Structure formats: C-alpha cells, structure tokens
Amino acid sequence: MSATGQRRMRTGDWGVVIAPALLGALVCLPALAGRSLWLDEGATVSIVSQHGAALWRGIAHDGGNMLVYYLALHVIVGLFGDGTVPLRGLSVLADALSAGLVAALALRLFGGRCAALVSGVLCALSVSLVFWGQDARGYALMVTAAAAAFLALVGVVDSDPGTPVPRGALLGYGLATLLSLYIGFDAVLLIPAELLCAWVLRRGLRELIAVLLLVALACLPLVLLALQRGSSQLFWVGPLSLSALGQTLVTVLSAGLPPNFHVTVVTVIATVWAGVLVLVATALALADAWPRLAVRRPRSDHSPAAGALVIVPTAWWLLTALLTVAGSAAGEPFELARISILVIPAVSLLLGWLLTGAGQNLRAATAPARTGHPPGTRLPHTRGVAATLLVILLGLRVAVLLPSYAETPEPWKQVAARVLAARQPGDCVAFYPEDGRMPFAYYVQHTPGGSARAPRAVLPVAAWSARTPHVEEYVVPSPRRLGDWLTGCRRLWLIASHQGSAHGTPTSVHNAAGYRLLEAVLSRAYLAHRASAEGYAAVIHITLYARPAAARRAGSA
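So, here's what we can say about the structure. Since this is a predicted model, take the numbers as computed values, not measurements. (Residues numbered from 1 in each chain as written. Predicted model: local features only at pLDDT ≥ 70, side-chain atom pairs only at ≥ 80, totals over all residues. Heavy atoms only, no water.)

**Regarding the overall build of the protein chain**
A tally of helices and strands in the protein chain yields 25 helices and five strands. A total of 557 residues make up the protein chain; the buried ones form 54% of that total. Pairs at least 24 residues apart make up 78% of the contacts formed inside the protein chain by residues separated by at least 6 positions. (Helix = DSSP H or I, 4+ residues; strand = E, 2+ residues; numbered from the N terminus. Buried < 20%, exposed > 50% of the residue type's maximum accessible area, 1.4 Å probe, protein only. Contact = heavy atoms within 4.5 Å.)

As structure tokens, then:
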C-alpha cells in the first residue's frame, strides 16, 4: 500500500503470518531424518565438526561460501549433537521463517490478509523450498535472509513522505543483505532488483546505495576468501543449455526439483499451470503498476502511488531471473536451479496477489467499453474464478510434494549399509573423489560397531573416527603408491560419485579421465570385479575388486 495509507501490523494480522510459518515447518518434518545425507551435506558435517583453526581452514577451503551458516551449525552441533535432525533443523526453521516473511511482505505490499495467507501458504508448499528445508546446507537460510531484506526494503520505499527514511528499515535491510551474502554469494543477484524498486518508486535510492557501500566494505573478507579459492569449486557447472533452463523453470514454479526428483506427468501439468498463472500475474502487475508510476506528482511527494508496490515482487523475480540467465549465457558458472530458489518468494507473492482480492485486476477498468462497468469495478465472477484457480494450484503443489518425501536422490546411507553388510576380512575401500568418504563415514560412525566392521580406508588413508573435510579432492595415486596402500587388501571397494564427465567442463573432463585411469590401475591389480550403482540424481558407482593379481602370481611361482 502507499505511504498515504500504510499497512501496519495489527493484532489480527499475526495469525496470517504465523499460520504459513507453522505450515512451512510442518511440511519439512516428514522424512527429515529418513532421507540420506548427500555429498554436500557430508561436507557440511565434516566442516562444522572441526574446532578452532581447523574449522576456519575448512570454511576457507570452501571459499567462504556459507560462512555464517557453518558457524551457526557448528554451535548447534556442539549443543545437540550431529544427528540428522539437529543438522537439518536450522533449515527447517529457515523455511518456516521464509513462509512467515512472505506473508508479512504481502500484508505490507497489498494490505489484505487473504493475499498474505495465500502468498505464505504457496511459499510453504513449494517443493523446491521444502527440499532445501530438509537439507544440511545454507540455501534455505539464504532465502530467508533475502525475504527479510525485501521486507526491510518495502519499509524504506513505502515510508511516510516528507520524513527521513526510517533508520530501522535501512539497518534491517543492510543486516539482512549482509547476512544473505555471508550465507551465499548468489544473493548479490538480488541487489539490482532492490535498487530498481527504489528508483521506480522514487524513495530511498540514495540511502540504499549508501547502505550497500557499507555492506560491500563488510564483505571484503568474504571477497578475499573467494578470490583465494577461485571458481574451480564450480567446475561441475556446465554452460547454459535448454536442459538447465528447463530445470530452472520447474524449480521456480515449484512444480518439481529436477534432477533430484523424477519428472512425472504431474510435474508437467504443474509446470504448465503455474507457468500460465505467473505469466498472467506478471503481465497484469506491469500493466497495473505502470500507469500509476507514470503519473507526474509534485517533486516533494516521494511516496509510491497507491497499488504501485506490486512492482516489488515483479522486479524481484523477473530482473533477477534475467540477470542470472544472462550471466550464465556469458560464461559465469551459475548453477541456475539452485540460484532460482531466491525468487520463489516473489513468485508466491505475485500468485497471491493475482488469486485474491488484492490482485483482482481482472477489472472492468481493463476493458470498460466491453463490460459496461465503470472503471475500477470488480467483475462479479472473478472471485469464484480466482478461487478455482487457487484450489487447483494448491492441489498440484500437494501432489508434487507428497511423493518427494520417499525420494532419496543420493543414497549414501544405503551404500554404507550395503558395504558394511557385505564386508569380509581383508576388505579395503577407496573413494573417488575423496569427498565421498564424508557421507559414508557419517553413516559408519552412526552404525553400532560400524568403525570396527568397516573396510580399511586406503583412499584417503584415514581412521573412521576422523572427520577431515575433503572438498573436491580428485586424487589418482601413482601405481607404486597405490600398490603400497593395497598391501593386504584381499578385496577393494571403489566408490565413486560426481567423478566428472567426458562431456562437461575441461576440469570435469580431466576428473573423468582420472577416474578411468584409476579403474585401469585397479583392473590390473585385481583379476575380477563386479560393478553396480545406487541413486539417480548423482549416481553412486560401486565396484568390488577381488582376487589380487599379485597373490595369483605368487601362487603360480
């Protein structure tokens, strides 16, 4: 709403903020402990389990990415242990807060409780956000910080005209932006949309730029860490492709989360349905806001025109999406499907605006001559149509969400259980890359007697009680060194995941070549092998090598 009739939180408003937040937490609870940790979660556990200088080295080795998240989770693990629920609990809380913040944003932007409730519920039922809300990574918390930054931004651009910009809103914006950047570098892509909103709404632009300069100074340590690490950690991100764009579209529309979840007929229907609604909402928002923004007002009047605040979620999702795709097309290693979750709250706001009375711009004002209604009169049938569209959309979101609880895209828990069950005396295990040891070791340590039953680790060489971070360590030892390590290994388990691709980036091709070389060396060292695979999003390849060639040669002699 405009500054002339600002929407302030009242007692009755808290219900429409708290309800989506509770729903956001509730939908993250099923399968929270059941779904296996995946490779990156294994890295999280290894890093946050360190202390002192070792903790800082682990964070620095990751380029400073998720720095604040790692520190917060380090405290949580110290207090509650490293069980799956404590590890993922912070993300559950973040998902709940995001849904509540979206509802609060809708209240401030549109003024209606119905719009707030619908926007918050749509955000809570996003399968994309629920997945990251059940994950021991910082993406859910990054979305929360982004939503908080936009809520503070609205406090700036929708403040009373003729008075200084509220310091509390500016402080909140600066802190939320700083937090989001210290959780994930990708949050920087939201800043152009935030500045565009301030410029279009003619309020607080200079103050926001000043705050962002201070934020930039505070981010210098983060920049130094990132420069030291370089972009090599994103070697697996390929160039822009139709497949990547398709996955991003499905993620933004909360119709699925490929490749983590299988694409089904429901995924396709949900994508089409939500896609049409978002296109309609975006077109109507732009058509509705533009005339209001174009009206000339006195230079002293710096308040946004009534109804023009719908430009905030529109710019949030549209400009951010365009910049991300353009950057990816220019060669930047953007992982589109993950970055795209930053605009899901904006999409939820637009859909809530469209499907409630706050967004019924399907008014006679758009076509007064055709309808015979005076400008500004709501068409009598639009409420029922909007309710029907909303019910279908909610039904599709639930239909997409429910099967996802049974999905385990990268089943390290099952792989560890399988190896422990089949282990024989004299067995050894090697990982390529060495990163795979982290989630495997987690389940070895959480299995009664697992450390005693597990095969001897030879790549990397480490006791199962150790929790050393291994981030993108693709090691192929020389045949002589590998031979020393394999001494006494009657059988060898080679476990590989994210091992590179012959059709990927140059680094990915190099890593794939290293894997083939390691396989060749082991095939010469052993006379027999049996291969299998688990998972589908990132397949875990398991090869069991048996009958050492050296033992056979010794027997022949």
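**A short note on the environment of Gly83**
As for its position among the elements, Gly83 is in the loop between helix H4 (67-80) and helix H5 (84-110). The partly exposed category is assigned to Gly83, whose relative accessible area is 26%. Separated by 38 residues in sequence, Gly83 and Val45 have C-alpha atoms that sit 9.8 Å apart.

**Re the pairing of strand E1 (residues 427-432)**
Within E1, six of the six residues are buried, which leaves it mostly tucked inside the rest of the structure. The two faces of E1 match: Asp427, Val429 and Phe431 on one face and Cys428, Ala430 and Tyr432 on the other face are all buried. Where E1 meets strand E2 (residues 456-459), three bridges bridge the pair, whose relative direction is parallel. Among the inter-strand pairings, Cys428 is bridged to a residue of E2, identified as Arg456. (Pairing = 2+ DSSP bridges.)

**Remarks on helix H10 (residues 191-201)**
Helical geometry: 3.6 residues make up each α-helical turn, so side chains three or four residues apart lie on a common side. Among all positions in H10, only Ile191, Ala193, Glu194, Cys197, Ala198 and Leu201 are buried. Just past H10, the residue Arg202 takes up positive phi, approximately 60°.

**Focus on the nonpolar core**
Residues Tyr69, Val312, Trp316, Phe440, Trp464 and Ile495 are the most contacted members of the largest nonpolar core, which totals 145 residues. A total of 14 residues in this core trace back to one element, the largest contributor, which is helix H8 (residues 139-157). Apart from residues lying up to four places away in sequence, Val312 is in contact with Leu109, Phe150, Val154, Cys197 and Leu201. Judged by nonpolar contacts, the second largest core, of 18 residues, contains Tyr474, Ala496, Tyr515 and Tyr545. (Core = buried A, V, L, I, M, F, W, Y, C linked by side-chain atoms within 4.5 Å.)

**Here's the deal with the state of the cysteines**
Across all of its chains, the model carries one disulfide by this definition. With its sulfur 2.0 Å from that of its partner, Cys428 forms a disulfide with Cys489. In this structure the cystine formed by Cys428 and Cys489 twists about its S-S bond by roughly -85°; its chirality is therefore left-handed. Taken together, the residues span a long stretch of sequence, with Cys428 in strand E1 and Cys489 in the loop between helix H23 (479-485) and strand E3 (491-496) at a distance of 61 residues. (Disulfide = S-S within 2.5 Å.)

**A word on the sheet that holds strand E5 (residues 540-548)**
Through backbone hydrogen bonds, the strands of a sheet pair up, either in parallel or in antiparallel fashion. Ordered in space as E2-E1-E3-E5-E4, the five strands form an open sheet in which the pairing is mixed. Bordering the open sheet on either side are E2 and strand E4 (526-534), each of which pairs with just one other strand. Neighbour to neighbour, the strand axes of the sheet diverge by 25° on average, direction disregarded. (Axes fitted to C-alpha atoms, helices over the stretch in contact; angles between N-to-C directions.)

**Some remarks on the packing of aromatic side chains**
Counted by the stated rule, this structure contains 13 aromatic pairs. When the centroid spacing of 6.4 Å and the interplanar angle of 85° are considered together, the rings of Phe431 and Trp464 count as edge-to-face. Note that Phe431 is positioned in strand E1 and Trp464 in the loop between E2 and H23, a separation of 33 residues in sequence. Per residue, the accessibility class of Phe431 equals that of Trp464, and both read buried. (Phe/Tyr/Trp six-rings, centres within 6.5 Å; stacked < 30°, edge-to-face > 60°.)

Purely geometric numbers; function is a separate question.
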